[in-house]
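Structural overview
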Amino acid sequence: MTGRAGTPSYRTARHGFMTGIDKSSVALMLEMASKASGITVVTHTRPDGDAMGSSLGLLRFLTAAGKDAVIVLNDRYPDSLSFMAGEDAESILVYEDEPEKTAGTVRKSDLVFCLDMNSFGRAEKLEGLLREKDCPKILIDHHLNPDTGSFDLVFSKTDISSTSELLYHILMAAPETGGDARRLPVKCAEALLTGMTTDTNNFSNSVFPSTFRMASDLLGAGIDRNAIVAALYCNYRENRYRLTGRLLYENMVITAEGVAYMILDKAMAAEYDIREGETEGIVNIPLGIKNVRMSILLKEDEDRFRVSVRSKEGVSANRCASMYFNGGGHELAAGGKLLKGKDIPDGTVREAAEYVETRTREFLGGK
Ligand code: 5GP
Ligand code: MN
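The numbering scheme is per chain: residues are counted from 1 as the chain's sequence reads. Chain letters start at A and ligand numbers start at 1, both assigned in the order the entries are written. Since the coordinates come from a predicted model, pLDDT governs what is reported: local features require at least 70, and pairs of side-chain atoms require 80 or more to be given and counted, while whole-chain, interface and lining totals use all residues. Note: side-chain values were computed over all heavy atoms of the structure, leaving out hydrogens and water.

1. Remarks on the packing of aromatic side chains
What counts is decided by this rule: Stacked, tilted and edge-to-face are the three classes assigned to paired rings of Phe, Tyr and Trp, where Trp is represented by its six-membered ring and a pair needs centres within 6.5 Å; plane angles under 30 degrees give stacked, over 60 edge-to-face, the rest tilted. Labels follow the DSSP assignment, with helices taken as runs of H or I lasting at least four residues and strands as runs of E lasting at least two, numbered in each case from the N terminus. Here's how the labels work: a residue is buried when its accessible area is under 20% of the maximum for its type, exposed when over 50%, partly exposed in between, all with a 1.4 Å probe on protein chains only.
This model, assessed by the stated rule, comprises five aromatic pairs. Relative to F151, the ring of F120 lies with its centre 5.0 Å away and its plane at 55°, an arrangement referred to as tilted. Of this pair, F120 sits in the loop between β4 (111-115) and α6 (127-132) while F151 sits in the loop between β5 (137-141) and β6 (153-156), and the two are 31 residues apart along the sequence. In this structure F120 comes out as buried when scored by relative accessible area, which is 2%. A centroid spacing of 5.9 Å and a plane angle of 55° characterise the contact between F325 and Y355, whose relative ring orientation is tilted.

2. Re the sheet that holds strand β12 (residues 333-339)
Spelled out, the test is: The pairing criterion for strands is at least two bridges between them, as found by DSSP. Here, two residues are considered to be in contact whenever any of their heavy atoms come within 4.5 Å of each other. Axis lines are fitted through C-alpha atoms, for helices just across the contact stretch, and the angle between N-to-C directions can take any value from 0 to 180 degrees.
With respect to topology, six strands assemble into an open sheet ordered β7-β8-β9-β10-β12-β11, the strand pairing being mixed. Strands at the two margins of the open sheet, each flanked by one partner only, are β7 (253-254) and β11 (328-329). Strand direction decides the pairing type here: β11 and β12, joined by two bridges, are antiparallel. Within β12, the residue paired with G328 across the bridge is G335. Helix-sheet contacts for helix α11 (residues 238-251) involve β7 and β8 (259-264), and the interaxial angle to β8 is about 125°.

3. Structural notes on the environment of S156
One can find S156 in strand β6. Among the residues examined, S156 registers a relative accessible area of 6% and is labelled buried. Along the primary structure S156 and F305 are separated by 149 residues, whereas in three dimensions their C-alpha atoms are 29 Å apart.

4. Focus on the site of ligand 1
Heads up, the condition is: Neighbouring residues are identified by heavy atoms, a residue being near a molecule or strand if any of them is within 4 Å of it. Pairs of N or O atoms are called polar contacts if they sit within 3.5 Å, as long as, within protein, a hydrogen donor faces a hydrogen acceptor (for residues adjacent in sequence, only side-chain-to-side-chain pairs). Computed by Shrake-Rupley with a 1.4 Å probe, the accessible areas treat only the displayed protein chains as cover when residues are assessed.
Surveying the vicinity of ligand 1 reveals the residues R122, H143, S308, R310, G327, G328, G329, H330, A333, A334, G335 and G336. In the model, an oxygen atom of ligand 1 is placed 2.9 Å from a nitrogen or oxygen of the R310 side chain. Separating an oxygen atom of ligand 1 from a side-chain N or O atom of H330 is a distance of 3.0 Å. In isolation ligand 1 exposes 490 Å². Once the protein is present, 78% of that is buried.

5. Digging into the coordination of the manganese ion (ligand 2)
Let me state the cut-off plainly: Only N, O and S atoms count as donors, using a 2.8 Å cut-off from the metal and 3.2 Å for Na, K and Ca, and because water is excluded some sites may appear unfinished.
The protein atoms that coordinate the manganese ion (ligand 2) are D50 (OD), D116 (OD), H142 (NE2) and D199 (OD), at distances spanning 2.2 to 2.4 Å. Sequence spacing of the donor residues for the manganese ion (ligand 2), all on one chain, is D-x65-D-x25-H-x56-D. With H142 in the loop between β5 and β6 and D199 in helix α8 (residues 186-199), this pair connects stretches of sequence that are 57 residues apart. For the pair shown, H142 and D199 are each scored as buried.

6. A look at the domain arrangement of the protein chain
Our working definition: Residue ranges for the domains originate in an automatic or database domain assignment. Put simply, a salt bridge is a Lys or Arg side-chain nitrogen that is within 4 Å of an Asp or Glu carboxyl oxygen. In this classification, Asp, Glu, Lys and Arg are treated as charged, Ala, Val, Leu, Ile, Met, Phe, Trp, Tyr, Cys and Pro as nonpolar, and every other residue, Gly included, as polar.
Taken as a whole, the protein chain is organised into domain 1 (14-233) and domain 2 (238-365). One C-alpha centre belongs to domain 1, the other to domain 2, and the line joining them spans 28 Å. At the junction of the two partners, domain 1 supplies 11 residues and domain 2 supplies 12 residues. For E276, the salt bridge is made with R46, and the minimal N-O distance between the two is 2.8 Å. Our count for the domain 1 to domain 2 interface comes out at four residue pairs in polar contact (both at pLDDT 80 or more). Of the residues assigned to the side of domain 1 that touches domain 2, the class counts are two nonpolar, five polar and four charged.

7. Some points on the sheet that holds strand β1 (residues 39-43)
The six strands are arranged β3-β2-β1-β4-β5-β6 in an open sheet whose pairing can be described as parallel. Pairing within the sheet leaves two strands with one partner each, and these edge strands are β3 (92-94) and β6. Averaged over all neighbouring strand pairs, the angle between strand axes comes to 20°, with direction disregarded. Two elements, strand β2 (residues 69-73) and β3, share three bridges in a ladder whose sense is parallel.

8. Regarding the pattern of salt bridges
Considering all chains together, one arrives at 22 salt bridges under this definition. The partner of R46 in a salt bridge is D301, with the nearest N and O atoms 3.5 Å apart. On the criterion of sequence distance, the pair formed by R46 in the loop between β1 and α3 (49-64) and D301 in the loop between β9 (294-300) and β10 (304-311) is long-range, its members being 255 residues apart. Ionic pairing is found between K266 and E302, a salt bridge with its closest N-O pair at 3.2 Å. Of this pair, K266 sits in helix α12 (residues 266-271) while E302 sits in the loop between β9 and β10; the two residues are 36 residues apart in sequence, bridging distant segments of the chain. One salt-bridge network, held together by shared partners, links R46, E276, D301 and R306.

Structure below.
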């Protein structure tokens, strides 16, 4: 492992990368936090429940310990997740809303945590700032292929439900909790349980024995899971369901290779007044169909189609997203993008559909 110029003595072969959670790495992380006077917590662009849950969980743990910390995002979290931020909304800076103030805060901080992202590029416009910053950087993440060389301390584990769960186990290994979930700040515990719940799709995928242990301990500590589930899954606007019905009824195509794909273009998103975050979960639905092996949802933006890929055991969504959609993620859940004018020269829906059909046919070995 190569060292990053100008970084202090934190980087060692032992601490540079880890696949589990050992107490000495956790102690090192806490020592780095205790020495820092301003801490920046960064997560990936288009933040989802796990990105927000892990970031808020860490922010709340650090501030309860008297540290000065802020969350820095490339773009706003969706309204559907504003219940998670609560009073901490004030501690969240959004680069797209306030570029100068946000950049200034990042530049002033002397410790950076990157959560739920495997490389600086996942923070989009913050990438350059993060790369330039000459202070210790810590990665806590559960994605494949972490860019370990850019960090001084890495907690990376892929056989785990979520970054929220990974952070939970890290905090349980800290002397502040001594393994007792009741000693976590309540709002920190709530955020972590919420993040784990969204990344597992409410316990339907990526669930490990450790995931149930976390849930069990947090329920035992009095965290109200019913309230979390109600806020996440019983709080949608009607239009999301009307749109879902329309997509499944007249938009979804199922190819001979067992790929279901749907394309939400700008016109349809406008017709149903679809907001950021409201399509979360729709891509999973076609996997319920017996002969579907992979499901893909394309969402049109100005300059691109955003791509979500989900697959069943034996088909790698991660490989498909990294080979054809400029992205990646997890084995069975990944994402990426198709750039108009580049991947699809004319940028039309028809071209995007053809691209998906031909590339997935190639990917799944059809003719
Ligand atoms: P979603 O389909 O829910 O947006 O994303 C599914 C998974 O793929 C998430 O773990 C997310 O972090 C990852 N992912 C989504 N978009 C991208 C992307 O553009 N690049 C990479 N590397 N990963 C992505
Ligand atoms: Mn995640």
